[in-house]
Amino acid sequence: MSRSDKRPLKGDSLIQFPTEYVVIDIETTGVSPCWDEIIEIAALKISNNEICDSFESLVKPPFKISTFITELTGISNDMVENAPCINEVLPSFFDFIGNTIVLGHNVHFDINFIYDKSLKANIKPFSNNFIDTLRLSRKLYPELSHHRLIDMVDFLKIDNSTYH
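Residues numbered from 1 in each chain as written. Predicted model: local features only at pLDDT ≥ 70, side-chain atom pairs only at ≥ 80, totals over all residues. Heavy atoms only, no water.

Colleague: Would you mind showing me how to read helix α4 (residues 107–120) here?
Modeller: Along an α-helix, residues three or four positions apart point the same way, because every turn accommodates 3.6 residues. With 14 residues, α4 extends 20 Å from end C-alpha to end C-alpha; this agrees with the ideal 20 Å at 1.5 Å per step. Of all the 14 residues making up α4, 11 are buried; the element is thus mostly covered by neighbouring parts of the structure. The set of residues buried in α4 consists of Val107, His108, Asp110, Ile111, Asn112, Phe113, Ile114, Tyr115, Asp116, Lys117 and Ser118. Against β1 (13–14), β2 (20–28), β3 (38–47), α3 (86–97), β5 (102–104) and β6 (130–132) lie the buried residues of α4. The first or second residue beyond α4 is Asn122, which carries a positive phi of 60 degrees. (Helix = DSSP H or I, 4+ residues; strand = E, 2+ residues; numbered from the N terminus. Expected span 1.5 Å × (residues − 1). Buried < 20%, exposed > 50% of the residue type's maximum accessible area, 1.4 Å probe, protein only. Contact = heavy atoms within 4.5 Å.)

Right, dumping it as structure tokens:
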């Protein structure tokens with residue numbers, strides 16, 4: 001899927017694999033960019049298969065984090081009490097990633113949150129091109145019934161001892 005009328009400035013989904021990219025991941029208070037908030041944003045800059053830089057910030061939401069979300073993400077209200085709000089974090093995050101291609105598993109989810117929160121904060125919209133490894137896994141392994149990240153880690157026998 002490419003750009004939609006709902007997010008006209010959103011970058012294109014790519015299938016090629018670059019030598020330089022930024023892996024991103026966010027944690028949120030739920031699944032809706034309209035009603036929920038980003039509570040953590042992280043990124044790794046990769047160049048020639050090596051991590052060359054990283055970015056990580058907790059984000060203080062405008063409301064309390066539910067017990068369910070704390071159990072799911074490991075992020076508590078105490079952890080975000082003194083964290084910056086999303087309007088403060090996004091400019092630094094955008095400076096970090098620049099115009100680099102972004103990569104992630106089910107990265108549409110992350111990008112839609114970041115895109116919508118940037119518009120709400122009157123910051124330039126997130127428009128980097130991106131590669132969604134969920135989309136790639138479905139293309140490469142159509143025989144699998146599930147393509148969640150944990151399923152792919154198990155299927156490909158990848159060490160996930162540092163998961164989350």
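Once the structure has been displayed, the description carries forward.
Colleague: Explain the nonpolar core to me, please; I cannot follow it from the model alone.
Modeller: Judged by nonpolar contacts, the single largest core of 25 residues is most densely connected at Ile24, Ile41, Phe93, Ile114 and Phe126. For this core, the secondary-structure elements that each account for two or more residues are β2, β3, α3 and α4. With seven residues, α3 is the single largest residue contributor to this core. (Core = buried A, V, L, I, M, F, W, Y, C linked by side-chain atoms within 4.5 Å.)

Colleague: Would you explain the packing of aromatic side chains in this entry?
Modeller: Aromatic ring pairs are described here by two measures, namely the spacing of the ring centres and the angle between the planes. Considering all chains together, one arrives at seven aromatic pairs under this definition. For the ring pair Phe55 and Phe96, a centre distance of 5.7 Å and an interplane angle of 40 degrees mean the geometry is tilted. Placement of the pair is Phe55 in strand β4 (residues 50–58) and Phe96 in helix α3, with a sequence separation of 41 residues. Assigned by exposure class, Phe55 and Phe96 land together as buried. Ring centres of Phe93 and Phe94 lie 6.1 Å apart, and the angle between their planes is 45 degrees; on these two criteria the pair is classed as tilted. (Phe/Tyr/Trp six-rings, centres within 6.5 Å; stacked < 30°, edge-to-face > 60°.)

Colleague: Before we go on, may I ask you to explain the state of the cysteines in this structure?
Modeller: Among covalent bonds in proteins, the disulfide is the one between the sulfur atoms of two cysteines. If you walk through the whole model with that rule in mind, you get zero disulfides. Looking at Cys34, it has no disulfide partner, and the nearest cysteine sulfur is the one in Cys85, 19 Å off. (Disulfide = S-S within 2.5 Å.)

Colleague: Looking at this structure, how should I read the environment of Pro18?
Modeller: When you line up the elements, Pro18 lands in the loop between β1 and β2. In contact with Pro18, not counting residues within four places along its chain, are Ile101 and Ile131.

Colleague: Help me understand the packing of α3 against α4 in this model?
Modeller: Relative placement of two packed helices is described by the angle separating their axes and the distance separating the axes. The contact between α3 and α4 brings their axes to 10 Å, and the two run at 115 degrees. Of the two possible hands of crossing, α3 and α4 adopt the one that is left-handed. Residues Ile86, Leu90, Phe93 and Phe94 of α3 pack against Ile114, Lys117 and Ser118 of α4. Looking at the contact of α3 with α4, its residues break down into five nonpolar, one polar and one charged. (Axes fitted to C-alpha atoms, helices over the stretch in contact; angles between N-to-C directions. Left-handed = near helix turned anticlockwise from the far one by under 90°. Nonpolar A, V, L, I, M, F, W, Y, C, P; charged D, E, K, R; others polar.)

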